[in-house]
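Survey of secondary and tertiary structure
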Amino acid sequence: MKTLSQTKSRGWRRSWSFVAATTGATIGLGNLWKFSYLAGENGGAAFIIVYLVCILLVAMPVMIAEIVLGSRGRSNPITTVQDVSLEAGVSTWWQGIGWFGCFAGLLVLSYYSVIAGWSFAYISKLFAGDFDATSAQLAGDQFNAFLAEPQSMLEWQGLFLLIIFLTIAVGIRRGIGLLARLLMPLLFVTLIALAVYSSQVGDFQAAVNFMFTPDFSSLTRQGVLAALGHAFFTLSIGVGAMIAYGAYVPDKRSITSMVSVVVVADTLVSLLAGLAIFPLVFSLNIAPAMGPGLMFVAVPYGFGNMIYGNYYGALFFLMVSLAAITSGVALMEPATSWLSERLRWWRPVAALMVVAIVWLLGLASVFSFNEWKGISIAGMSIFSALDFFTANILLPAGGLLTAIFVGWKMRREVLRDELYVEGRVLFSLWYWVLRYIAAPGVLVVFLSSFLKEWV
Ligand code: PFF
């Protein structure tokens, strides 16, 4: 009997192409902008340790599960889960995982595109020398002035979405491969250079203590939830993106090895970004818990006081923007591929539709920094509420459903068939961790954070 994946094959032929594209999908604003501000808000090392544990025991097994699922179905996430549920003989209601993912992905992209727009704007600001010889105070004032003005934020966000639209319209295989392969090595080199520079001009010792000497008393239940949510966010799971990318996984290659490379690269980039940003933060007396503006104040200050820093700074934000593009594409891929495969829309039209919806949704985030500043949802601005709700609730919930579906509903032989290159021990280890640690782990964190709020 032919397996599902043999009947619909459409993949990258080489492991490296798949690894490069997937690394591109995972490394983005989450590593460069969000990781440092979350670590800053949640006390540093203790948060980072819990985050690393969540990556290893929860997010990575779920990422493998998503890719296995995608590789089995070789289609968009909704059709994939539907086909695989038929194969497994369970209800096709499980395709809800795909629907849920498309919806969550668009919500994430609505605010992600706003931050990517900030990064675009900062390329031109640094290049123009706006931060030359600035002080931390001035860099902060400039950031606040930028947020107060919706028009330019809307324009930059629009430009970001236009670029994503063009990339996705030509298809992720062609659109992303080259960009990711060039960008990732460059990003590593720039981050290492920046970390070395800021270790010299900033307070490196304080940064290392903050990032690596844990004080667990500073970590709240909400901090643990944020660490779990960020593990999902940074590996791009829980939104169907990895199911969509799994559809392109090359045959006869070890999925676990490819995923391991991606996870190591992603984690290194986050840690390097922290080592680049925190020395500056501590030498400037910026509060590490200042929130989403952390990177947009510390980094311009660092570059603004360096010879030729305006060019290096512009390059840094260019790289942040490119990393955001490769991730933004991954966020859009599930919905776009569904429209184009299931409804048979021409791919550019499908992509345009998705971008238009995201842009409209994004208005709420843009205005939450200025015109709608007064509106608060559960004590948070619209932007923060969206960020909290998607990263800390929707993504882990999507991942939990995937872990249950793959770990408990799909047949073991089918999974073994997709992971046949893996040795028996490795396969059993992954399967066991997915069933008994990853899925219950998400539930425990959910219950412990929400029960406390509700009871
Ligand atoms: N992992 C991306 C980042 O760290 O910036 C964010 C992301 C991309 C989340 C794609 C989800 C996704 F599907």
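Residues numbered from 1 in each chain as written. Predicted model: local features only at pLDDT ≥ 70, side-chain atom pairs only at ≥ 80, totals over all residues. Heavy atoms only, no water.

Broken down by element type, the chain carries 19 helices and zero strands. The C-alpha radius of gyration computed for the chain amounts to 21 Å, which stays within 12% of the reference 23 Å derived for 455 residues, consistent with globular compactness. Principal-axis analysis of the C-alpha atoms gives the chain an extent of 70 × 50 × 45 Å. Sequence-distant contacts, at least 24 apart, represent 83% of the contacts inside the chain between residues at least 6 apart. Roughly 17,600 Å² of accessible area belongs to the chain as shown, and the carbon and sulfur atoms make up 67% of that amount. Positive and negative side-chain charges in the chain, numbering 26 and 22 respectively, have mean positions lying 15 Å apart. (Helix = DSSP H or I, 4+ residues; strand = E, 2+ residues; numbered from the N terminus. Rg over C-alpha atoms; globule rule 2.2 N^0.38 Å. Contact = heavy atoms within 4.5 Å. Areas by Shrake-Rupley, 256 points an atom, 1.4 Å probe, with all protein chains shown as cover. Lys, Arg positive; Asp, Glu negative; His and termini not counted. Charge placed at Lys NZ, Arg CZ, Asp CG, Glu CD.)

Glancing now at the pattern of salt bridges. Applying the stated rule across the entire model yields seven salt bridges. Between Arg 72 and Glu 418 there is a salt bridge, with its nearest N and O atoms 2.9 Å apart. Residue Arg 72 is found in helix α4 (residues 45-73), and its partner Glu 418 is found in helix α18 (residues 412-418); the two are separated by 346 residues along the sequence. A relative accessible area of 11% means that Glu 418 is categorised as buried. Each of Arg 72, Glu 87, Asp 417 and Glu 418 takes part in one network of salt bridges that share partners. (Salt bridge = Lys/Arg side-chain N within 4 Å of Asp/Glu carboxyl O. Buried < 20%, exposed > 50% of the residue type's maximum accessible area, 1.4 Å probe, protein only.)

Not every one of the 15 residues close to the ligand is listed here, only the nearest: Thr 26, Gly 30, Tyr 112, Phe 233 and Val 239. Within the backbone of Thr 26, one N or O atom sits 2.9 Å away from a nitrogen atom of the ligand. Within the side chain of Ser 236, an N or O atom sits 3.0 Å from a nitrogen atom of the ligand. Alone, the ligand offers 340 Å² of accessible surface; in the complex the protein occludes 100% of this. When residues of the shell around the ligand are traced back to their parent elements, those giving at least two are α2 (15-26), α3 (29-41), α11 (221-234) and α15 (309-341). Partitioned by chemical class, the residues of the shell around the ligand number eight nonpolar, seven polar and no charged. (Near = heavy atom within 4 Å. Polar contact = N/O pair within 3.5 Å; in protein donor to acceptor, adjacent residues only side chain to side chain. Nonpolar A, V, L, I, M, F, W, Y, C, P; charged D, E, K, R; others polar.)

It is worth spelling out the environment of Phe 212 at this point. Within the secondary structure, Phe 212 is located in helix α10 (residues 204-212). It is 4.7 Å that separates the C-alpha atoms of Phe 212 and Ala 45, two residues lying 167 residues apart in sequence. With residues up to four places along the chain from it excluded, the contact list for Phe 212 reads Ala 45 and Leu 275.

A separate point is the packing of helix α6 (residues 96-127) against helix α8 (residues 150-169). Where α6 contacts α8, the two axes come as close as 7 Å, and the packing angle between them is 105 degrees. Between α6 and α8, the angle falls in the class roughly perpendicular. Within the contact between the two elements, α6 uses Leu 109, Ser 110, Ser 113, Val 114, Ala 116, Gly 117, Trp 118, Phe 120, Ala 121 and Ser 124 and α8 uses Met 153, Trp 156, Gln 157, Leu 159, Phe 160, Leu 161, Ile 163 and Ile 164. A breakdown of the residues in the contact of α6 with α8 according to their chemical character gives 13 nonpolar, five polar and no charged. (Axes fitted to C-alpha atoms, helices over the stretch in contact; angles between N-to-C directions. Parallel < 35°, antiparallel > 145°, perpendicular 65-115°, else oblique.)

Now for the packing of α4 against helix α13 (residues 255-284). One way to put it is that α4 packs onto α13 with a least axis distance of 10 Å and a crossing angle of 145 degrees. Along this stretch, α4 crosses α13, giving a crossing that reads as right-handed. On α13, the residues that touch Ile 48, Tyr 51, Leu 52, Ile 55, Met 60, Met 63, Ile 64, Ile 67 and Val 68 of α4 are Ile 255, Thr 256, Val 259, Ser 260, Val 262, Val 263, Asp 266, Thr 267, Ser 270 and Leu 271. Counted by class, the contact of α4 with α13 contains 14 nonpolar, four polar and one charged residues. (Left-handed = near helix turned anticlockwise from the far one by under 90°.)

You can see Val 19 is positioned in helix α2. Residue Val 19 is classed as buried on the basis of its relative accessible area, which comes to 5%. Excluding its chain neighbours within four sequence positions, the residues that come into contact with Val 19 are Met 258, Val 261 and Val 262.

Spanning 13 residues, α3 covers 17 Å between terminal C-alpha atoms, matching the ideal 18 Å at 1.5 Å per step. At Phe 35, α3 is bent by approximately 35 degrees, the largest bend along its length. Counting buried residues in α3 gives twelve out of 13 residues, a clear majority hidden from the surface. Within the span of α3, buried status applies to Leu 29, Gly 30, Asn 31, Leu 32, Trp 33, Lys 34, Phe 35, Ser 36, Tyr 37, Leu 38, Ala 39 and Gly 40. Looking one or two places after α3, you find Gly 43, whose phi comes out positive at around 85 degrees. (Expected span 1.5 Å × (residues − 1). Bend = angle between axes of the 7 residues up to and from the residue.)

With the rule as written, the count across this model stands at 33 aromatic pairs. Ring centres of Phe 278 and Phe 282 lie 6.2 Å apart, and the angle between their planes is 35 degrees; on these two criteria the pair is classed as tilted. Of the two residues, Phe 278 and Phe 282 both sit in helix α13, four residues apart, roughly one turn of that helix. Overall, the relative accessible area of 0% leaves Phe 278 in the buried class. Sitting over the ring of Phe 233, Lys 34 keeps its end group 4.1 Å from the ring centre. Here the guanidinium or amino end of Arg 435 rests over the ring plane of Trp 408, the centre of that ring lying 3.8 Å away. (Phe/Tyr/Trp six-rings, centres within 6.5 Å; stacked < 30°, edge-to-face > 60°. Lys NZ or Arg CZ within 6 Å of the ring centre and 35° of its normal.)

Glancing now at the confidence of the model for the chain. Of the residues in the chain, 95% have a pLDDT of 70 or more, and the chain-wide mean is 91. Per-residue pLDDT, averaged within each element of the chain, yields its smallest value for helix α1 (residues 4-7) (42) and its largest for α4 (97). When the criterion is pLDDT under 50, residues 1-9 qualifies, and its contacts beyond four places in sequence or with other chains add up to 18 contacts. (pLDDT = per-residue confidence, 0-100.)

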